[in-house]
Amino acid sequence: MPSLERVEQGLERAGQSHVLQYWPELREEERDGFLEELSQLDLEGLRGHCEGAAGAAACPPASLDQHIEPVPPEFIGSVRRSDQASLSEWENEGLLRISESRVGVLLLAGGQGTRLGVKYPKGMYDVGLPSGKTLYQIQAERIRKIQELAGRKHGSSCTVPWYIMTSEFTLAPTQKFFKENSYFGLEPSNIVMFEQRMIPAVTFDGKVILQGKGKVALAPDGNGGLYQALADNKVLEDMKKRGVEYLHVYCVDNILVKMADPVFIGFCVSKKADCGAKVVEKACPAEPVGVVCRVRGVYQVVEYSEIQPETAELRGPGGELVYSAGNICNHFFTRTFLQDVAEKFEGQLKQHVAIKKVPFVDACGNQVKPTKANGIKMEKFVFDVFPFSRNFVVFEVVREDEFSPLKNADGAATDSPTTARNSLLAQHCRWAVAARATLSGSHGNTLSPTASASAGDNPPAQCEISPLVSYFGEGLEQLLGGRTLPSVFVLDEKMAKELQAQ
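Residues numbered from 1 in each chain as written. Predicted model: local features only at pLDDT ≥ 70, side-chain atom pairs only at ≥ 80, totals over all residues. Heavy atoms only, no water.

1. Quick word on the overall build of the chain
Convention followed: Put simply, DSSP marks the helices as runs of H or I at least four residues long and the strands as runs of E at least two long, and each gets a number from the N terminus on. The globule rule used here is 2.2 Å times the number of residues to the 0.38 power, and the radius of gyration it is set against is calculated over C-alpha atoms. Whether a residue is buried, partly exposed or exposed follows from its accessible area with a 1.4 Å probe, protein chains only, as a fraction of its type maximum: under 20%, in between, or over 50%, in that order. Any two residues whose heavy atoms approach within 4.5 Å at even a single point are treated as in contact.
When helices and strands are tallied, the chain shows 15 helices and 24 strands. By the compact-globule yardstick of 23 Å for 502 residues, the chain fits well, its C-alpha radius of gyration being 24 Å. With the C-alpha coordinates aligned to their principal axes, the bounding extent of the chain is approximately 75 × 50 × 45 Å. Per-residue burial over the chain gives 54% buried out of 502 residues. Pairs at least 24 apart in sequence give 76% of the contacts found in the chain among residues at least 6 apart.

Listed below in structure tokens is the structure:
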């Protein structure tokens, strides 16, 4: 059991003695649990954390307008603008690396579904697809499919290991969910779950917030906590042992994410990049997404709040936005780059301020649920390693095909279960039409090919295609060509076999 005296001294040195103010009121088992929690905090760095949080919250970030410039065109690949020969070459390169079991995917899944209005991890969410599939199931099936495509092309049996970074809140429910669903057909030994660190929330005057009399208010250290977590949990050693050299890193909430996307992987490998970012063209100058650009000659993501509106609205000679590379938290890293970051640069990562409503215990020991923001949570972001890259590249993809995040509860204008579901179904309608199928509307009417909707719009039909049948629309013409599909149509493996037999 950790020593109370050592913890008391550490808290005193940090100016946080109030954390133990309710100690006399705690029962024996509560004391044991609280002492265990406190001993796991970085007491040596606690003063710096608290003072840094209060100072950062008091000083909003300065505008970076005079220091920024767009990414030079020679470092950008694009699904829309690159020629077909290049895209095919990158895809082949990516499939080759996957077939050699040298590619892994790493999922950032430490956040809770608070804004979504659920008390379980976002990956377990069912957005209301005809199949009832959750985000985790869709992603698992995409891994299975890309293993199959790469293996078949190169006559090998290959594995894409799935690393899942959770937090204290999401680890146990995620483990349970995967086990209950038989790991969605993946080999359990190829799914590696690990926890990121938790750090204390702080008041505006730099005091650790008590969530209960024997409980500090803790929050995950942001998705940039990845690099510390990789070292803490010996994940990089696991990657090395498996022969994984390239990592595709993404966020759990994007329903359109292409797991281990061979085109993106192949582009980055071909360019000898150690770090790469997928981006989408910003929908409008004021869209609240960070922009991938250069600041004082160094690559980074600049938050929308750090750019003045007149800079965000700048346009090039063709009318395109100058700062259009919207960050979607979808990255490529070499394992050696991640090793460098974990060993040399992690301590230099920037801290970001998030002002939040944090439940707390007041001076009388009463539980309070604040109605306005009362605390600071400090976060690191996964993209803050871009400045350490020796060879950074950007790959622009089509939003309708690759980016539709799930962040808000239904009723919100964007990023809701409805918009995510519609994005996926609209994509599958486009695939079906491209395969020469005819879609039926909900009233039995047939729809023209032009009715294949854009992401977020109401899709013309409820057409869902399992990732186990098609990864990015390939192989559908022999199954669907010349057919009229019913208004609700789910093309799963069983249905595909039946269609093939006809």
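2. Here's the deal with the side chain of Lys 282
Rule in force here: In this tally, Asp and Glu contribute negative charge and Lys and Arg positive charge; neither His nor the terminal groups of the chain are included. Here, a salt bridge means any side-chain nitrogen of Lys or Arg that lies within 4 Å of a carboxyl oxygen of Asp or Glu. Polar contact is the term for a pair of N or O atoms within 3.5 Å; when the atoms are in protein, one must be able to donate a hydrogen and the other to accept it, and sequence-neighboring residues count only if both atoms are side-chain atoms.
Among the secondary structure elements, Lys 282 is positioned in the loop between strand S11 (275-281) and strand S12 (291-295). In this structure Lys 282 is buried but unpaired, with Glu 287 as the nearest side chain of opposite charge at 6.2 Å. A polar atom in the side chain of Lys 282 sits 2.9 Å from the backbone oxygen of Pro 285.

3. A few points about the nonpolar core
Stated formally: In this text, buried Ala, Val, Leu, Ile, Met, Phe, Trp, Tyr and Cys residues form a nonpolar core when linked through side-chain atoms within 4.5 Å.
Grouped together as the largest cluster of nonpolar side chains are 47 residues, with contacts concentrated most on Tyr 136 and Trp 162. One finds Leu 230, Val 244, Cys 251 and Val 385 within the second-largest nonpolar core, a separate group that totals 40 residues.

4. Structural notes on the packing of helix H8 (residues 235-242) against helix H11 (residues 335-345)
Our working definition: Note on method: axes are straight lines fitted to C-alpha atoms, helices fitted across the in-contact stretch only, with angles between N-to-C directions ranging 0 to 180 degrees. Roughly parallel refers to an angle under 35 degrees, roughly antiparallel to one over 145, roughly perpendicular to one between 65 and 115, and oblique to any angle outside these ranges. Rotating anticlockwise by less than a right angle from the far helix to the near helix defines a left-handed crossing, while the corresponding clockwise rotation defines a right-handed one. We call Asp, Glu, Lys and Arg charged. Ala, Val, Leu, Ile, Met, Phe, Trp, Tyr, Cys and Pro are nonpolar, and the rest, Gly among them, are polar.
Two elements in contact, H8 and H11, have axes whose closest approach is 11 Å; the angle formed by their N-to-C orientations is 155°. Judged on the interaxial angle alone, H11 and H8 are roughly antiparallel. For the element pair H8 and H11, the recorded crossing hand is left-handed. Here Leu 236, Met 239 and Lys 240 of H8 come into contact with H11, specifically with Arg 335, Leu 338, Gln 339 and Ala 342. Class assignment of the residues belonging to the contact of H8 with H11 gives a composition of four nonpolar, one polar and two charged.

5. Quick word on the packing of helix H4 (residues 84-99) against helix H5 (residues 135-154)
Relative orientation of the contacting elements H4 and H5 amounts to 95°, with a least axis distance of 8 Å. By the angle between their directions, the pair H4 and H5 is classed as roughly perpendicular. Here H4 contributes Asn 92, Leu 95, Leu 96, Ile 98 and Ser 99 to the contact with H5, which in turn contributes Ile 146, Ala 150, Lys 153 and His 154.

6. Topic: the pattern of salt bridges
This model, assessed by the stated rule, comprises 32 salt bridges. In this structure, Arg 242 and Asp 238 form a salt bridge, with 2.6 Å as the shortest nitrogen-oxygen distance. Here Arg 242 pairs with Asp 238, and both are found in helix H8, just four residues apart, close to one helical turn. The class for Arg 242 is partly exposed, based on a relative accessible area of 28%. Judged by relative accessible area, Asp 238 falls into the buried class, the value being 15%. Residue Glu 477 pairs with Arg 436 through a salt bridge whose shortest N-O separation is 2.8 Å. On the criterion of sequence distance, the pair formed by Glu 477 in helix H14 (residues 477-480) and Arg 436 in the loop between helix H13 (417-434) and strand S20 (438-440) is long-range, its members being 41 residues apart. By relative accessible area, which is 43% here, Glu 477 ends up partly exposed. One network of salt bridges, with partners in common, ties together Lys 258, Asp 261, Lys 278 and Glu 402.

7. Regarding H8
Put simply, the rule is: An arc is given here, and it is the one of the directions from the helix axis to the C-beta atoms.
Those residues of H8 that fall on the buried side of the exposure criterion are Val 235, Leu 236, Asp 238 and Met 239. An end-on view of H8 places all buried positions within 155° of arc, on one side of the element. Facing away from the buried side of H8, by more than 90 degrees, are the exposed residues Glu 237, Lys 240 and Lys 241. In this structure, the buried residues of H8 make contact with strand S3 (103-108), strand S4 (162-166), strand S5 (191-195), helix H7 (226-232), strand S10 (246-251) and H11. Trailing H8 by a residue or two, Gly 243 shows a phi angle of about 85°, which is positive.

8. So, the environment of Ile 355
Relative to the helices and strands, Ile 355 is located in strand S15 (residues 352-356). Using a relative accessible area of 42% as the deciding quantity, one classes Ile 355 as partly exposed. Each C-alpha atom, one on Ile 355 and one on Ala 373, is 6.3 Å from the other, the two residues being 18 residues apart in sequence.

9. Some points on H4
Worth spelling out the cut-off: The span expected for a helix works out to 1.5 Å for each residue beyond the first.
Taking 1.5 Å as the rise per residue, H4 with 16 residues should run 22 Å; its terminal C-alpha atoms sit 22 Å apart, in good agreement. Burial in H4 covers these residues: Ser 86, Leu 87, Trp 90, Glu 93, Gly 94, Leu 95, Arg 97, Ile 98 and Ser 99. At its buried positions, H4 is contacted by strand S2 (76-78), S3, H5, S10, helix H9 (262-270) and strand S19 (392-397). For H4, the N-terminal cap is Asp 83; the gap from its side-chain oxygen to the backbone nitrogen of Ala 85 is 3.2 Å.

10. Examining the pairing of strand S14 (residues 325-334)
The condition that has to hold: Strands are treated as partners if at least two bridges between them are detected by DSSP.
Taking burial as the measure, the 10 residues of S14 include 10 buried ones, the bulk of the element. Burial along S14 is two-sided: Ala 325, Asn 327, Cys 329, His 331 and Phe 333 facing one way and Gly 326, Ile 328, Asn 330, Phe 332 and Thr 334 facing the other are all buried. Looking at chain direction, S10 and S14 are connected through five bridges and run antiparallel. When the bridges of S14 are listed, Tyr 250 appears paired with Asn 330. Summarising the sheet, S11 and S14 pair through six bridges and their orientation is antiparallel. Bridge pairing links Val 279 to Asn 327 in S14.

11. Here's the deal with the confidence of the model for the chain
Worth spelling out the cut-off: What pLDDT reports is the predictor's confidence in each residue, on a scale of 0 through 100.
The share of residues in the chain with pLDDT of 70 or more is 96%, and the mean pLDDT across the chain is 92. Here residues 449-456 is modelled with pLDDT under 50, and outside its nearest four sequence neighbours on either side it reaches 20 contacts, counting other chains as well.

12. Here we look at the pairing of S12
Here S12 lies mainly inside the structure; five of its five residues are buried. Pairing analysis gives two bridges linking strand S1 (residues 68-69) to S12, with the strands arranged antiparallel. Residue pairing in the sheet places Ile 68 in a bridge with Val 295 of S12. Pairing geometry for S12 and strand S13 (residues 298-302), over five bridges, is antiparallel. For Val 291, the partnering residue across the bridge sits in S13 and is Val 302. Between the end of S12 and the start of S13, which pair antiparallel, lie two residues, with Arg 296 showing a positive phi angle near 50°.

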